[in-house]
Amino acid sequence: MNLTHGYRLAVAPFFHQSIDWSSRLLVGDGVEEEQGRFVARPPWRAPTADELAALAIDGAPAKREDLDACLCLFALPEHLQTAWWDMLDRAGPAGTTHLEGFDAFVQEVASLLAFKELPVPNGATFELVASQPGQRSICWTFDRWPSAPWPPSPEQRPARLWGAINLGNEALSVVLVNLVAQQMHDMLAQRFPALPAPCTYGELAACFLTHLADYPPIRLRLEPGEGYRLPAGGILVDACTLGTQEPAVLLLISDRGEEGS
Amino acid sequence: MTPSVAAAAGPLELLVLQPTPFCNINCSYCYLPDRQSTKKMSSATLRQSLDWVFASGLVREPFSLLWHAGEPLVMPVDFYEEAVALLGRANKSGVRVDHSFQTNATLIDARWCDFFLRNDVHVGVSVDGPAFLHDRCRRTRQGAGTLDRVLRGIRLLSEHQVPLFALTVLTAEALAYPDELFDFYRTNGINSVGFNVEEIEGPNISSSLLGAGMRERFRRFFRRFVDLACSADPPMVVREFQTSTSALLGPRYVAGSRTQENKPWAIVNIDCDGNFSTYSPELLGFSSPRHGSFALGNVFRDCLDDVIASERFRALEEEIARGVEMCRQECRYFAFCGGSAPANKFFENGTFASTETMSCRLQKKVCLDVVLGWLEEHPATPARESEPTHA
């Protein structure tokens, strides 16, 4: 299958990052099931020029009005990355569940993002996730809870993953399907009109990954200190730690939705 | 020259010597109209300038000698070695003189570092931050960026343990990057910084900071930078934070009191031909239909008493004094500011008898507001005991 135009990748406004997208992106061959879960299927290849044009916005950062339709890349400034590592140096022995200074650190992150006009949602939660090196997949999932109803109610703001930051000291990969939930739904409906309509995001994800398993996922290399904000509309996202030597650390930033705020 | 009328003027606080108008780079916001001219101050002019200053009656207390405009390091080190020797001879009463250079740092080498150290020179380096900000405006005449050369100069200063102060011109673009600027300074060992706004002066007839919403953007930038600087270990010294704190906690300006820039003869500016002016250094080299050249005389020809008695100076002083009084009457920040810089008033408003400028709005008012807010949130700062006034 060929990539279809979906949301695009861009550098967030007011973050000065010179991104060579061609060296950051890979295109996979589809997805497959492994031990009861979906994983991106190799081989990974460089995107063609047409694919690159469809996937990423080159040059200037996205305009404000385009933001919600983009996955926005950003980077923590050096002083915040230093603060993170200093905090780890001061932390207690491995296994302790409370990380002294974590609340102050995430407040600084939120303050930076607010200054850069990329504010995290009110009442956002920050969660550290560590993953073993060398994994093809952490977990394919929608940015919303699998049980969240599909189609979404326009009156509700469901809990969702807002974005994440690579706080490890090695690059890791974010694996994505470049379509928002509605596009996936439409593609399924067009190709498989007899399929029962999914009732939740989890069902939509399973349906898409099963029936359109050849749709090529994309893999974005995320350098240490870099983060991303997901576009609106619900997207399928995974992470991959292939090629890393040490555990990967992602700071997940989530919107608790209407109920949680 | 017998100090008489001049004895009531000044005293001299800042002597700005402009040994050449030439600058080896070509910044897009530069106010110097003759920066391509390679004229240089001769030994004779240097000697006469120093003799004139010390004979003027203005030197009555310690002052700063700033070498500035164009790039002072275009002149050889030997010129400044001679200047130090001539200054020592002219300064018969042994008044303390602090030497300062404002440089783009591109020409610094080991010999310059040795000179700076031996003479306890305060070195101000003009640098606008990371390449995406600095190289946008601070370019060579061929259009190439200059940051690499600036950083080489900064590294040399650091290796020779010459303290430096970084002066950054803020454009509208830069206001989005306080964290990046903070990281840039820290990475390059800079712990003392000041911010100038991109001003409308001379040939720079516009500014990116004139756009809508700039006051709020500047406020957000400055507040964030102050927070970063104050929480650093050690804290970064920010000139605008210090001057605003001093203004808030120190003496008040009242009727009749003046700032260095609007007080006659507190600043003396002398160019490479020996032409001199007072008030804002940026005025030297410019003229107005009403006042003619702002160069009020020449060190070879004119004694200060005659200049002070001249109709041209009186008209200039009258207009500037009127502008200060307008500031006092109209601006609630006057007690902390003492009136806007005459050069900003002239270039932005067309007359010295005017009030608010962009520099007032951003560098004075916003900075004062931000620092006041910061001080209120950090009450451990020593409280003001009284409200003394400027003499």
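Scroll up a little and you will see the structure.
Numbers given for residues are sequential positions, taken from 1 along each chain in its written order. Think of it this way: whatever chain is written first is A, whatever ligand is written first is 1, and the rest follow in order. Reporting of local features is limited, given that this is a predicted model, to residues whose pLDDT is at least 70; pairs of side-chain atoms are given and counted only at 80 or more, and all residues count toward the totals for whole chains, interfaces and linings. To get the side-chain values, take all heavy atoms of the structure and skip hydrogens and water.

Caption draft 1: Local environment of the interface of chain A and chain B. Any two residues whose heavy atoms approach within 4.5 Å are treated as being in contact. Listed by partner, the interface residues are 13 residues for chain A and 14 residues for chain B. Here's the idea: put two parts together, see how much 1.4 Å probe accessible area each one loses, and the total over both is what we call buried area. Of the roughly 1200 Å² buried between chain A and chain B on both sides combined, carbon and sulfur atoms contribute 55%. Throughout this description, the term salt bridge denotes a Lys or Arg side-chain nitrogen within 4 Å of a carboxyl oxygen of Asp or Glu. Counting across the chain A and chain B interface gives 2 salt bridges. Here Arg220(B) ties to Glu117(A) by a salt bridge, and the two come within 3.9 Å at their closest N and O atoms. The term polar contact refers here to a pair of N or O atoms within 3.5 Å; inside protein, the definition further demands a hydrogen-donor-capable atom paired with an acceptor-capable atom, and it admits residues adjacent in sequence only when both atoms are side-chain atoms. In this assembly, chain A and chain B are joined by 8 residue pairs in polar contact (both at pLDDT 80 or more). Where helices and strands are cited, they refer to DSSP runs of H or I of at least four residues and of E of at least two residues respectively, numbered from the N terminus. Examining the composition of the side of chain A that touches chain B, we find that 5 residues originate from one element, helix α4 (residues 102-115) of chain A, more than from any other. Residues are grouped as follows: Ala, Val, Leu, Ile, Met, Phe, Trp, Tyr, Cys and Pro are nonpolar; Asp, Glu, Lys and Arg are charged; all remaining types, including Gly, are polar. Here the residues of the side of chain A that touches chain B are counted per class, giving 6 nonpolar, 3 polar and 4 charged.

Caption draft 2: Just the pairing of strand β11 (residues 226-229) of chain A, in detail. All names here are of chain A. Here the term buried applies to any residue with accessible area under 20% of the maximum for its type, exposed to any over 50%, and partly exposed to those in between, with areas from a 1.4 Å probe on protein chains only. Across the two faces of β11 the burial is the same, with Glu226 and Tyr228 and Gly227 and Arg229 all buried. Sheet topology note: the strand β5 (residues 70-75)/β11 ladder contains 4 bridges and is antiparallel. Bridged to Ala75 within β11 is Glu226. In this sheet, β11 lies alongside strand β8 (residues 160-166) in antiparallel orientation, the contact comprising 3 bridges. Bridge pairing in β11 links Ile165 to Gly227. Pairs of strands are assigned from DSSP output, requiring at least two bridges between the strands.

Caption draft 3: Quick look at the sheet that holds strand β12 (residues 235-240) of chain A. Residues and elements named next belong to chain A. The strand order across the open sheet built from 5 strands is β2-β10-β9-β12-β7, with neighbouring strands paired in antiparallel fashion. Each end of this open sheet is capped by a strand with a single partner; those strands are β2 (25-27) and β7 (141-142). The pairing of strand β9 (residues 172-180) with β12 spans 5 bridges and is classified as antiparallel. Note that in β12 the partner of Val174 across the bridge is Ala239. Of the strands in this sheet, β7, β9 and β12 are in contact with helix α5 (residues 181-191), which crosses β9 at around 60°. Axis geometry follows a simple rule: fit a line to the C-alpha atoms, using only the stretch in contact for helices, then measure angles between N-to-C directions, giving values from 0 to 180 degrees.

Caption draft 4: Looking closely at the packing of α4(A) against helix α7 (residues 214-231) of chain B. As a packed pair, α4(A) and α7(B) sit with axes 12 Å apart at the nearest point and diverge in direction by 160°. For the element pair α4(A) / α7(B), the angle class is roughly antiparallel. Crossing hand, α4(A) versus α7(B): left-handed. Residues Glu108(A), Ser111(A), Leu112(A), Ala114(A) and Phe115(A) of α4(A) form the contact with α7(B), whose participating residues are Arg220(B), Phe221(B) and Arg224(B). Classifying every residue of the contact of α4(A) with α7(B) gives 4 nonpolar, 1 polar and 3 charged. By definition in this entry, angles of less than 35 degrees are roughly parallel, angles greater than 145 are roughly antiparallel, angles of 65 to 115 are roughly perpendicular, and the rest are oblique. When the near helix sits turned anticlockwise from the far one by under a right angle, the crossing is termed left-handed; a clockwise turn instead gives a right-handed crossing.

Caption draft 5: Molecular detail of the pattern of salt bridges. Residues and elements named next belong to chain B. Going through the model one piece at a time under the given rule, you end up with 31 salt bridges over all chains. For Glu240, the salt bridge identified is with Arg239, shortest N-O distance 2.7 Å. Residue classification places Glu240 among the buried residues on the basis of a relative accessible area of 4%. On the accessibility criterion, Arg239 (26% relative accessible area) is partly exposed.

Caption draft 6: Quick peek at the packing of helix α8 (residues 239-249) of chain B against helix α13 (residues 358-377) of chain B. All names here are of chain B. For the pair α8 and α13, the least separation of the axes is 9 Å and the interaxial angle reads 75°. With respect to their mutual orientation, α8 and α13 come out roughly perpendicular. Contact residues: Arg239, Glu240, Phe241, Ser244, Thr245, Ala247 and Leu248 in α8; Gln363, Cys367, Leu368, Val371, Leu372, Trp374 and Leu375 in α13. Among the residues making up the contact of α8 with α13, the classes are represented as 9 nonpolar, 3 polar and 2 charged.

Caption draft 7: Focus on the nonpolar core. Throughout, nonpolar core names a set of buried Ala, Val, Leu, Ile, Met, Phe, Trp, Tyr and Cys residues whose side chains join them through atoms within 4.5 Å. Core analysis: the largest hydrophobic core is formed by 112 residues, its most contacted members being Leu15(B), Phe116(B), Tyr185(B), Phe225(B) and Trp265(B). The dominant element in this core, judged by the number of residues it contributes, is α13(B), at 9 residues. Sequence-distant contacts of Phe225(B), defined by excluding residues within four places in its chain, comprise Pro178(B), Leu181(B), Phe182(B), Tyr185(B), Val193(B), Phe195(B), Met236(B) and Val238(B). By size, the runner-up hydrophobic cluster in this structure holds 84 residues, among which are Ile165(A), Tyr201(A), Leu209(A) and Cys240(A).

Caption draft 8: Broad picture of unusual backbone geometry. For the peptide bond that leads from Pro42(A) to Pro43(A), omega is 5°, which places it in the cis range. With respect to the helices and strands, the residue Pro43(A) is situated in the loop between β4 (37-40) and α2 (49-55). Each neighbour pair has its own omega, and for Asp233(B) with Pro234(B) the value is 0°, a cis peptide bond. Among the secondary structure elements, Pro234(B) is positioned in the loop between α7 and β7 (237-238).

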